[in-house]
Amino acid sequence: DGGITQSPKYLFRKEGQNVTLSCEQNLNHDAMYWYRQDPGQGLRLIYYSQIVNDFQKGDIAEGYSVSREKKESFPLTVTSAQKNPTAFYLCASNPGWVNGSPLHFGNGTRLTVT
Amino acid sequence: DQQVKQNSPSLSVQEGRISILNCDYTNSMFDYFLWYKKYPAEGPTFLISISSIKDKNEDGRFTVFLNKSAKHLSLHIVPSQPGDSAVYFCAAGNYGQNFVFGPGTRLSVLP
């Protein structure tokens, strides 16, 4: 079955530490995305990548970094510069900027920073 | 400034009745709209979409209506079932742009 795998499901870190969230897809999609969900807010776009070795900042990129070395993988690093890192992080993919291509989401990683 | 709004944070409906979830948008360039359903601690699941060339799209119990002049869309679920209890997100986008999501509406279907 094709899909998006995010790991781990729960992650705990101390303040000041960087942490990397994994996202792997086997849907052969060109585009991948990272969103953050906070209570009472919609999904906010952190970073996205339309093609391997290229990525763009989304609406709330500060304090985050990404890489896209392989088509299947789009890891997100939450750095110590991110002021409010505790959140539910969602990775998504789709074939790209084509009309009629909804995002497919992974099951998310809940990050708690204390 | 929120480009996609879901003004009802929550909605309760009796099982078997119709659920109507509403979504408003401000950007007239949006031409493609999606509805997602999300259970706690899971990723959103795509439900149904509609493009701006249509005013209605139906898939089983789910129907989405689009009123372009009012910049409003709605999701109708008939009949509502307890398993429909979840958070529903509306999203809007257009070619070459990323989707913008609303804040979500929590639907509770009461047995």
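Notes on the structure follow.

Cut-offs and rules
- Residues numbered from 1 in each chain as written.
- Chains lettered and ligands numbered in written order.
- Predicted model: local features only at pLDDT ≥ 70, side-chain atom pairs only at ≥ 80, totals over all residues.
- Heavy atoms only, no water.
- Pairing = 2+ DSSP bridges.
- Helix = DSSP H or I, 4+ residues; strand = E, 2+ residues; numbered from the N terminus.
- Axes fitted to C-alpha atoms, helices over the stretch in contact; angles between N-to-C directions.
- Salt bridge = Lys/Arg side-chain N within 4 Å of Asp/Glu carboxyl O.
- Buried < 20%, exposed > 50% of the residue type's maximum accessible area, 1.4 Å probe, protein only.
- Contact = heavy atoms within 4.5 Å.
- Buried area = accessible area lost by both parts, 1.4 Å probe.
- Polar contact = N/O pair within 3.5 Å; in protein donor to acceptor, adjacent residues only side chain to side chain.
- Nonpolar A, V, L, I, M, F, W, Y, C, P; charged D, E, K, R; others polar.
- Core = buried A, V, L, I, M, F, W, Y, C linked by side-chain atoms within 4.5 Å.
- Phe/Tyr/Trp six-rings, centres within 6.5 Å; stacked < 30°, edge-to-face > 60°.

1. Some remarks on the sheet that holds strand S8 (residues 76-78) of chain A
Residue and element names in this part refer to chain A. The antiparallel open sheet is built from four strands, whose spatial order is S1-S3-S8-S7. Each edge of the open sheet is held by one strand with a lone partner, namely strand S1 (4-7) and strand S7 (64-66). Averaged over all neighbouring strand pairs, the angle between strand axes comes to 20°, with direction disregarded. As judged from the three bridges shared by strand S3 (residues 19-25) and S8, these two strands associate in the antiparallel manner. Along S8, the bridge assignment pairs Thr20 with Thr77.

2. Remarks on the pattern of salt bridges
For the coordinates displayed, the defined rule picks out five salt bridges over all chains. Here B:Glu58 ties to B:Lys56 by a salt bridge, and the two come within 3.9 Å at their closest N and O atoms. Using a relative accessible area of 41% as the deciding quantity, one classes B:Lys56 as partly exposed. A single network of salt bridges, built from pairs that share partners, joins A:Arg36, A:Asp38 and A:Arg44.

3. Some details on the interface of chain B and chain A
Contacts between the two partners involve 19 residues from chain B and, on the opposite side, 25 residues from chain A. Of the roughly 1,700 Å² buried at the junction of chain B and chain A (both faces included), carbon and sulfur atoms supply 59%. Linking chain B to chain A there are zero salt bridges. Counting across the interface, chain B meets chain A through three residue pairs in polar contact (both at pLDDT 80 or more). The dominant element in the side of chain B that touches chain A, judged by the number of residues it contributes, is strand S4 (residues 32-38) of chain B, at four residues. Its residues assigned to classes, the side of chain B that touches chain A comprises 11 nonpolar, five polar and three charged.

4. Let's talk about the nonpolar core
All names here are of chain B. Phe33, Trp35, Leu73, Leu75 and Tyr88 are the most contacted members of the largest nonpolar core, which totals 23 residues. Secondary-structure elements contributing two or more residues to this core are strand S3 (19-25), S4, strand S5 (45-51), strand S7 (62-67), strand S8 (72-77), strand S9 (86-93) and strand S11 (105-110). The biggest single contributor to this core is S9, with four residues. Non-local contacts of Phe33, meaning those with residues more than four positions away in its chain, are made with Tyr25, Ile48, Ser49, Ile50, Leu66, Leu73, Ala91 and Ala92.

5. Observations concerning the packing of aromatic side chains
This model, assessed by the stated rule, comprises 13 aromatic pairs over all chains. Summarising the aromatic geometry, the rings of B:Tyr36 and B:Phe101 are spaced 5.8 Å apart at their centres and angled 45° between planes, so their arrangement reads as tilted. Separated by 65 residues along the polypeptide, B:Tyr36 in strand S4 and B:Phe101 in strand S10 (residues 100-101) bring together distant segments of the chain. Here the aromatic residues A:Tyr33, A:Tyr35, A:Tyr48, A:Phe105, B:Tyr36, B:Phe46 and B:Phe101 are joined through ring pairs into a cluster of three or more.

6. So, the sheet that holds strand S6 (residues 56-59) of chain B
Sheet strands pair by backbone hydrogen bonding; their relative direction is either parallel or antiparallel. Residue and element names in this part refer to chain B. Pairing in this open sheet of five strands is antiparallel, and the strands run S1-S3-S8-S7-S6 from one edge to the other. Looking at the sheet topology across the chains shown, the edges are occupied by strand S1 (4-5) and S6. Sheet topology places S3 next to S8; six bridges connect them, and they run antiparallel. By the bridge assignment, Asn22 is partnered in S8 with Ser74.

7. Considering the side chain of A:Gln37
Inspection of the secondary structure puts A:Gln37 in strand S4 (residues 31-37). Among the residues examined, A:Gln37 registers a relative accessible area of 17% and is labelled buried. For A:Gln37, the residues in contact, after removing those within four places along its chain, are A:Gly42, A:Leu43, A:Ala87, A:Phe88, A:Leu90, B:Lys38 and B:Phe89.

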